[in-house]
Amino acid sequence: MKKTNFNQNWELYNLEEGANPFAPPQVPKKIHLPYDAMIQRARDPQTPDGATTGYFPSGNVKYEKHFQGNAASTILEIEGVYSNAFIYLNGNFCGKCPSGYRDYYVDLTPYIRIGEDNLLSIETRSGMGKNSRWYSGDGIYRNVYLYEAEDAYILPNSLKMNTLGIPSEDTTDAFLELSGQCIAAKTEDTIQIQMGNTIVSECKISSDGSFYSKFTLKNAKLWFDEHPNLYPVTVTLVRNATAIDQEHFSYGIRTIELIPQKGLYINHEEVLLRGGCIHHDNGLLGANEYDDSAYRRVKILKEAGFNAIRMAHNPCSKALLKACDELGMYIMDESFDTWNVSKSPYDYAMYFEENWKDDLLSMVEKDYNHPSVILYSIGNEIKELNTKQGVEKNRELYQFVKNLDSSRPVLNAINGMFTAMQHLGDIMQDLNSNSGNNMAMEINNVMTVLDTHMDDIMRHRYVTEMLDPICDSLDLAGYNYMGGRYEDDVKKYPERIIVGSETRPDSIAVNWEKVKALPNVIGDFVWAAWDYLGEAGVGRVDFEEVPGPMYGNYPWMTALSGDIDICGRRRVQSYYREIVWKKRTAPYIAVWNPEHYGMKAHTSNWSWSEALHSWTWPGYEGKPIRVDVYSSADEIELFLGDTSLGKKKLTDYKCEFDITYEKKPLKAVSYIDGNVQSQDLLLPAEGDFHIDVFQNKERLRGNGKDLMYLDITVCDSNGNFNPYDDRNMQINIEGPAKLLAFANANPKNTASFQSDETKLYLGKAQAILWNPEDTAESTITISGDGLADLTITI
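Engineer: Can you walk me through the packing of helix H12 (residues 508-517) against helix H13 (residues 572-580) in this structure?
Structural biologist: Relative placement of two packed helices is described by the angle separating their axes and the distance separating the axes. The N-to-C vectors of H12 and H13 enclose an angle of 25°; their axes lie 10 Å apart at closest approach. Accordingly, the angle class assigned to the pair H12 and H13 is roughly parallel. Pair H12 / H13 crosses with right-handed handedness. Packed against H12, whose contacting residues are Ile 508, Ala 509 and Trp 512, the element H13 presents Tyr 576, Arg 577 and Val 580 at the interface.

Engineer: What is the right way to look at the sheet that holds strand E34 (residues 588-591) in this model?
Structural biologist: Strands in a sheet are paired, the pairing made by backbone hydrogen bonds, and the direction either parallel or antiparallel. As summarised here, the arrangement of the three strands in space is E34-E35-E38, forming an open sheet in which the pairing is antiparallel. Two strands lie at the open edges of the sheet, namely E34 and strand E38 (654-660), each paired on one side alone. The mean angle between the axes of side-by-side strands here comes to 25°, regardless of whether they run parallel or antiparallel. The sheet contact formed by E34 and strand E35 (residues 624-630) spans four bridges and is antiparallel. Note that in E35 the partner of Val 591 across the bridge is Val 627. In this fold H13 packs onto E34, E35 and E38, with an angle of close to 150° to the strand it touches most, E34.

Engineer: Can you help me understand the environment of Pro 28 in this one?
Structural biologist: Relative to the elements of secondary structure, Pro 28 occurs in the loop between helix H1 (15-18) and strand E3 (29-31). Placed 14 residues apart in sequence, Pro 28 and Asn 14 show a C-alpha to C-alpha distance of 8.3 Å. Not counting residues up to four positions away in its chain, the partners in contact with Pro 28 are Glu 11, Leu 12 and Tyr 13.

Engineer: What's the story with empty space enclosed by the protein in this structure? I'm lost.
Structural biologist: Where empty space is left in the structure can be found by rolling a water-sized probe over the atoms. A complete count under the given rule lists four cavities of 30 Å³ or more for this structure. Around the largest cavity, the lining is made up of 32 residues, and of these Tyr 82, Ser 99, Gly 100, Tyr 101 and Tyr 348 lie nearest the centre. When residues of the lining of the largest cavity are assigned to their parent elements, the largest contribution, five residues, is made by helix H4 (residues 352-367). Split into classes, the residues belonging to the lining of the largest cavity amount to 12 nonpolar, 12 polar and eight charged. There is about 80 Å³ of room inside the second largest cavity. Along the walls of the second largest cavity sit Asp 281, Asn 282, Leu 284, Ser 293, Arg 296, Arg 297, Trp 530, Ile 566, Cys 567, Tyr 709 and Gln 766, which together make up its complete lining. Here the lining of the second largest cavity takes three residues from helix H2 (residues 291-303), the largest share from any one element. Among the residues making up the lining of the second largest cavity, the classes are represented as five nonpolar, three polar and three charged.

Engineer: Any chance you could explain H12 here in plain terms?
Structural biologist: Given 3.6 residues per turn, any residue in an α-helix points the same way as the ones three and four places further on. Buried within H12 are the following residues: Ile 508, Ala 509, Asn 511, Trp 512, Lys 514 and Val 515. At its buried positions, H12 is contacted by strand E26 (273-278), helix H11 (486-492), strand E32 (498-503), strand E33 (521-526) and H13.

Engineer: Please explain the pattern of salt bridges as it appears in this structure.
Structural biologist: Once the charged atoms of two side chains with opposite charge are near each other, the side chains can pair. If you walk through the whole model with that rule in mind, you get 45 salt bridges. Arg 310 is paired through a salt bridge with Glu 502; the nearest N and O atoms lie 2.7 Å apart. Here Glu 502 lies in strand E32 and Arg 310 lies in strand E27 (residues 308-311), a separation of 192 residues in the sequence. The two residues Arg 310 and Glu 502 agree in class, both being buried. Salt-bridge contacts for Glu 487 lead to Lys 514; the nearest nitrogen and oxygen are separated by 3.7 Å. One end of the pair, Glu 487, is in helix H11; the other, Lys 514, is in helix H12, and 27 residues separate them in sequence. Shared partners join several salt bridges into a network, and the residues in it are Arg 133, Asp 337, Lys 343 and Glu 535.

Engineer: What is the right way to read the environment of Glu 487 from this model?
Structural biologist: Taking relative accessible area as the criterion, Glu 487 reaches 32% and is therefore assigned partly exposed. Sequence separation between Glu 487 and Lys 514 is 27 residues; the distance between their C-alpha atoms is 7.9 Å. Beyond its immediate stretch of four places on either side in the chain, Glu 487 contacts Lys 514 and Leu 518.

Engineer: How do you make sense of the sheet that holds strand E40 (residues 675-682) when you look at a structure like this?
Structural biologist: One open sheet holds the four strands; their spatial order is E37-E36-E39-E40, and the pairing between them is antiparallel. Edge positions in the open sheet fall to strand E37 (643-649) and E40, since each of these has one partner strand only. Strand-to-strand, the axes of this sheet are offset by a mean angle of 20°, without reference to chain direction. Two elements, strand E36 (residues 635-640) and E37, share five bridges in a ladder whose sense is antiparallel. Across the sheet, residue Phe 639 finds its bridge partner in E37, namely Ser 644.

Engineer: What is the right way to read the packing of aromatic side chains from this model?
Structural biologist: The description of an aromatic ring pair rests on the distance of the ring centres and on the angle between the ring planes. A complete count under the given rule lists 27 aromatic pairs for this structure. Relative to Trp 606, the ring of Tyr 481 has its centre 6.3 Å away and its plane inclined at 85°; by these criteria the two rings are edge-to-face. Note that Tyr 481 is positioned in the loop between strand E31 (477-480) and H11 and Trp 606 in the loop between E34 and E35, a separation of 125 residues in sequence. With a centroid separation of 4.8 Å and 75° between ring planes, the pair formed by Trp 615 and Tyr 661 is classed as edge-to-face. Remark: Tyr 661 occurs in the loop between E38 and strand E39 (666-672) and Trp 615 occurs in the loop between E34 and E35; sequence separation between them is 46 residues. Overall, Trp 615 belongs to the buried group, its relative accessible area being 1%. Assessed through its relative accessible area of 1%, Tyr 661 is described here as buried. Between Arg 43 and the ring centre of Phe 56, over which it is positioned, the NZ or CZ distance is 5.9 Å. Residue placement shows Arg 408 over the ring face of Tyr 368; its charged tip is 6.0 Å from the ring centre.

Engineer: How do you make sense of a nonpolar patch on the surface when you look at a structure like this?
Structural biologist: On the surface, a nonpolar cluster with roughly 280 Å² of combined accessible area is contributed by Met 128, Tyr 346 and Met 350. Following the sequence through the fold, Met 350 ends up in the loop between strand E28 (330-334) and H4. The exposure class assigned to Met 350 is partly exposed, which follows from its relative accessible area of 41%.

Conventions used here
- Residues numbered from 1 in each chain as written.
- Predicted model: local features only at pLDDT ≥ 70, side-chain atom pairs only at ≥ 80, totals over all residues.
- Heavy atoms only, no water.
- Axes fitted to C-alpha atoms, helices over the stretch in contact; angles between N-to-C directions.
- Helix = DSSP H or I, 4+ residues; strand = E, 2+ residues; numbered from the N terminus.
- Parallel < 35°, antiparallel > 145°, perpendicular 65-115°, else oblique.
- Left-handed = near helix turned anticlockwise from the far one by under 90°.
- Contact = heavy atoms within 4.5 Å.
- Pairing = 2+ DSSP bridges.
- 1 Å grid on protein atoms, 1.4 Å probe; cavity = no way out; pocket = protein on both sides within 12 Å on 5 of 7 lines; lining within 4 Å.
- Points joined across faces, edges and corners; volume = space filled by probe spheres on them.
- Nonpolar A, V, L, I, M, F, W, Y, C, P; charged D, E, K, R; others polar.
- Buried < 20%, exposed > 50% of the residue type's maximum accessible area, 1.4 Å probe, protein only.
- Salt bridge = Lys/Arg side-chain N within 4 Å of Asp/Glu carboxyl O.
- Phe/Tyr/Trp six-rings, centres within 6.5 Å; stacked < 30°, edge-to-face > 60°.
- Lys NZ or Arg CZ within 6 Å of the ring centre and 35° of its normal.
- Patch = residues over 30% accessible without salt bridge, like charges linked within 9 Å, V, L, I, M, F, W, Y side chains within 5 Å.
- Areas by Shrake-Rupley, 256 points an atom, 1.4 Å probe, with all protein chains shown as cover.

Purely geometric numbers; function is a separate question.
Okay, here's the thing in structure tokens:
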């Protein structure tokens, strides 16, 4: 079928305003897709969604587009629309998609007007709010495509290619299979399969339109994370020696094996998953997904040492699949955060039972040809797993997925505390008895016990009793925050393979030693790899006498729980993780804000410290300051100027120094067996400051798809920034480039992301540019209070 990008020239209506039949007609907003309506709204401290969406309110919107009908067969694909989407063509109801994350196809053929104007309307209804535990976005936030055909065609999304096997050598023959479905094909028609420049197979089409071929590719180059070799594949429908339809995709040849007491093997080689969980939002872009935003995110994560992503807690976008295929990043794709028991008042539990088969089918069909997807997760911390019905549903979903795709392992991300929740009172009493305390079970004490005794809770006999029937129905067990069970369960259940599907950021040193030591534990996925909108303040550090609630009050906006901030800059914990993974040999200096020296830091399970990689703290000269140094070496020597402040041994890859702040160079030198290994140096920012900009690319193509990220730093001549610098910045654009966002990574940012003015946060800001269709040059001028303007031409 002819595939056309359908993102341009839509009109947006606010359904709340249009609900009054006596109101004057709305003037629609002219937009291009993707267009997340939620990120455009002003944040509201009173919104019913509250901290879960970062105080962005939900709403109901309608998208409309006029187009000319050209073909007898017309199919619409919506890669992501949140949520409860209703699709109409010329007033006729064509389909409904309750899921906010499904790749959804709807047949427009019955109502298309050939050669005439057609009106496509897509309404989304998530305005009741309280339907998500994180920032969801509203409306059409991924690509939309139109497929058209006049004759026989290969059904979009029907092609499934699979690697049946490879010998142990990395450059040899690969045994492959491909199946698909044709519409209106004749039995004398044939299918031709080409990989690269080689026609590898031809096959016949069955009377029902299906086809299947098994073939061998000689001297195949394999796909894995370090060498993501991809083959362009063309599948052609041939009639009388003429091609009447073609489908194109990329494919990577790789095999997956889970072997008890040995681990995970990709192409016969053991792999340990250095993983991180991410949500679907793209920071300043909201939920909007572009190929460039996905590619940039995966590239940054890979450079930080990750080799695996868990898409939490919903199926990932096609853009993310493409980026992971090309860059070499493994994916655990996850289907649901809820089944039939709600976590929020109006969440997907309202629609799960009627739609789970379609949702899983959509996820598997989307992922099938992508080598990056190596694991399917059928749920996250599902509350009813502690019931007989939940255990049966777990088995039912597992078998449904395996019937669709037997080549990939299936897991469920299980939280042991959730599964034993009805026994929580007994567990707490047992902990009291074992500790010898007589602690009253009021809420603050309960939370203290949960935090300090999490491993004990997860090892409790009630958790074990609940886990056994769940894990028996899975290929591997996803353990959320259950690292304390690893050693015992590996001994007790030698056939059970485990992945740390969600773990605390501060547990990586302990967990990674277990991953390396226990073959049945195949990896660790930290919560979270990338900071995200919503669950506002869950990872914050409080210095108040009494810590606040789990979520932060307004103006908190992001979780502050990622190794990478929402603008794509690495936080100090990212370098710590890289050191634990032995991907960085140099030490790394992390300096605590001296404003809080000596104060007790209240943290959550998802917090890190507030430390920064900075030695610029104006106003604190001569005052005490804490310096952490991360390293995989034996010991660290710290220097202030030319003066040694002593050596310290490291515990769990970290040591601490309490020193006095002076505006002199700060240097950490690492030693192994008494010999210098490497060093890290911080200089205080001094002298004149200027605007520095890093562009992620040189050219911004006028195709409506490309993005350009401008990472802005105000710094001295050596690139050192002032973390207290929050001056006002402005951006001006002359030419066809458009400003999608201009803001910063402040987790309490109250300004609009779409303004041409913003403040610095930690001396930094970010602009994101887009060009809908023009190839002319654009001139970008960035200015800031007290600074010389910086002008660039793109």
